[in-house]
Amino acid sequence: MNLSLYLLTVLIWGTTWIALKLQLGEVAIAASIAYRFALASLVLFALLLLSGRLQKVDKRGQLICLVQGLCLFCLNFMCFYTASQWIPSGLVAVIFSTATLWNAINARVFFKQKIAANVLAGGALGLGGLALLFWPELAGQEASHETLLGIGLAVLGTLLFSAGNMLSSLQQKAGLKPLTTNAWGMLYGALMLVAICLFSGTPFTFEWNTRYIGTLLYLAIPGSVIGFTAYLTLVGRMGPERAAYCTVLFPVVALNISVFVEGYQWTAPALFGLFLVMLGNVLVFRKPKVLPAATALPAKA
């Protein structure tokens, strides 16, 4: 089950970048994200109500859902989209991949979970591999004011993503499943995005064409309903630090698709970077060896 959820998350979120790129146009970014999570929330609530699987959420749970919605389905997306205007997408991907390390640290701070050495080593290898994969973009980036601002926003978005992971883990420990908490969280995230649009005077335009509607449906249902549910279920089953290694593999999937869609060409450094990412993946999921207990010696007469 863990492997199936892991692969599903990587494949879905590794392909959403195409839909995101195709969505860029007349509709404002904040409005597009609001449409996405409003639709995803509506689909989730409909499925849960029809199947009788919608759980009751008390005031404490609703408050956590509200904060989780702001972290996972609102503010982090605004940070990443805005950062992408000033720094290359490759640099954003490398920064986002540090979620593995942030999750390990936050799980230690908030849940007293021991940080496994193999997770830290695997995360470091994966981050180094991504740096090699996107080295042409990283090397050509100048350290201007806009660059530093973009990096800061990307880091903030990653921290918000990690905080949302911790909140989901907390909800699952309380017996609430990701389907229910995601439905509420996406609703709160969409409402917050609507408030941001109204406050900033952003118009709620819409493109009534196959391209925009198709990408919106893909981002809302596979990208949000299925992707976030699968990922946050992994957070509860495997722990935040192991589940977050998905973020290292997303760009790898995206680059392989880019070979066919945009003519991306693999280079020797990029292939070595891919090897490091895969090696990091093996380390993250390697189970620590359990030493057998020492056999007690019989007492002397």
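Residues numbered from 1 in each chain as written. Predicted model: local features only at pLDDT ≥ 70, side-chain atom pairs only at ≥ 80, totals over all residues. Heavy atoms only, no water.

- Looking at an unreviewed UniProt entry, one finds the chain named DMT family transporter and attributed to Pseudomonas leptonychotis.
- In its Sequence similarities (unreviewed entry) section, UniProt records this for the chain: "Belongs to the EamA transporter family."
- Within the UniProt record for the chain, the comment given under Subcellular location (unreviewed entry) is "Membrane". (UniProt positions renumbered as here; feature names shortened; annotations may be inferred.)

### Concerning the overall build of the chain
- Of regular secondary structure, the chain possesses 14 helices and zero strands.
- Seen in sequence order, the chain has helices and strands lined up from the N terminus as α-α-α-α-α-α-α-α-α-α-α-α-α-α.
- Seen along its three principal axes, the alpha-carbon backbone of the chain occupies a region of about 90 × 55 × 35 Å.
- For the chain, the proportion of its 301 residues judged to be buried stands at 47%.
- Taking as baseline every contact in the chain between residues at least 6 positions apart, the subset at least 24 positions apart corresponds to 89%.
- Total accessible area on the chain is roughly 15,100 Å²; 71% of this is exposed by carbon and sulfur atoms.
- Each charge class in the chain can be summarised by its mean position, and for the 18 positive and 8 negative side chains these summaries are 26 Å apart. (Helix = DSSP H or I, 4+ residues; strand = E, 2+ residues; numbered from the N terminus. Buried < 20%, exposed > 50% of the residue type's maximum accessible area, 1.4 Å probe, protein only. Contact = heavy atoms within 4.5 Å. Areas by Shrake-Rupley, 256 points an atom, 1.4 Å probe, with all protein chains shown as cover. Lys, Arg positive; Asp, Glu negative; His and termini not counted. Charge placed at Lys NZ, Arg CZ, Asp CG, Glu CD.)

### Some words on the pattern of salt bridges
- Per the stated rule, a full pass over the model turns up one salt bridge.
- Arg211 is the salt-bridge partner of Glu207, the closest N and O atoms lying 2.4 Å from each other. (Salt bridge = Lys/Arg side-chain N within 4 Å of Asp/Glu carboxyl O.)

### Some remarks on the nonpolar core
- Counting residues in each nonpolar core, the largest one holds 63 residues, and the members touching the most others are Phe37, Leu133, Phe228 and Tyr231.
- Not counting residues within four places of it along the chain, the set of residues in contact with Tyr231 comprises Thr9, Trp13, Asn103, Phe161, Asn165, Ala243, Ala244 and Cys246. (Core = buried A, V, L, I, M, F, W, Y, C linked by side-chain atoms within 4.5 Å.)

### Examining the environment of Phe80
- Within the fold, Phe80 resides in helix 4 (residues 59-83).
- For Phe80, a relative accessible area of 14% gives the class buried.
- Each C-alpha atom of the pair Phe80 and Ala34 lies 15 Å from the other, and the pair is 46 residues apart in sequence.
- Not counting the four nearest positions on each side in its chain, Phe80 is found in contact with Val92, Phe96, Ala154, Gly157 and Thr158.

### Some points on the confidence of the model for the chain
- Overall, the prediction assigns the chain a mean pLDDT of 85, with 91% of residues at 70 or greater.
- Across residues 290-301 the pLDDT falls below 50, and counting only partners more than four positions away or on other chains, this stretch makes zero contacts in the model. (pLDDT = per-residue confidence, 0-100.)

### Considering empty space enclosed by the protein
- One pass over the structure, following the stated rule, counts one cavity of 30 Å³ or more.
- Of the voids in this model, the largest cavity is the one considered here, and its volume is about 60 Å³.
- Forming the boundary of the largest cavity are Leu20, Gln23, Leu24, Val27, Ala28, Ile29, Ser32 and Tyr81.
- Every element with two or more residues in the lining of the largest cavity is listed here: helix 2 (16-23) and helix 3 (29-51).
- Residue composition of the lining of the largest cavity, grouped by class: six nonpolar, two polar and no charged. (1 Å grid on protein atoms, 1.4 Å probe; cavity = no way out; pocket = protein on both sides within 12 Å on 5 of 7 lines; lining within 4 Å. Points joined across faces, edges and corners; volume = space filled by probe spheres on them. Nonpolar A, V, L, I, M, F, W, Y, C, P; charged D, E, K, R; others polar.)

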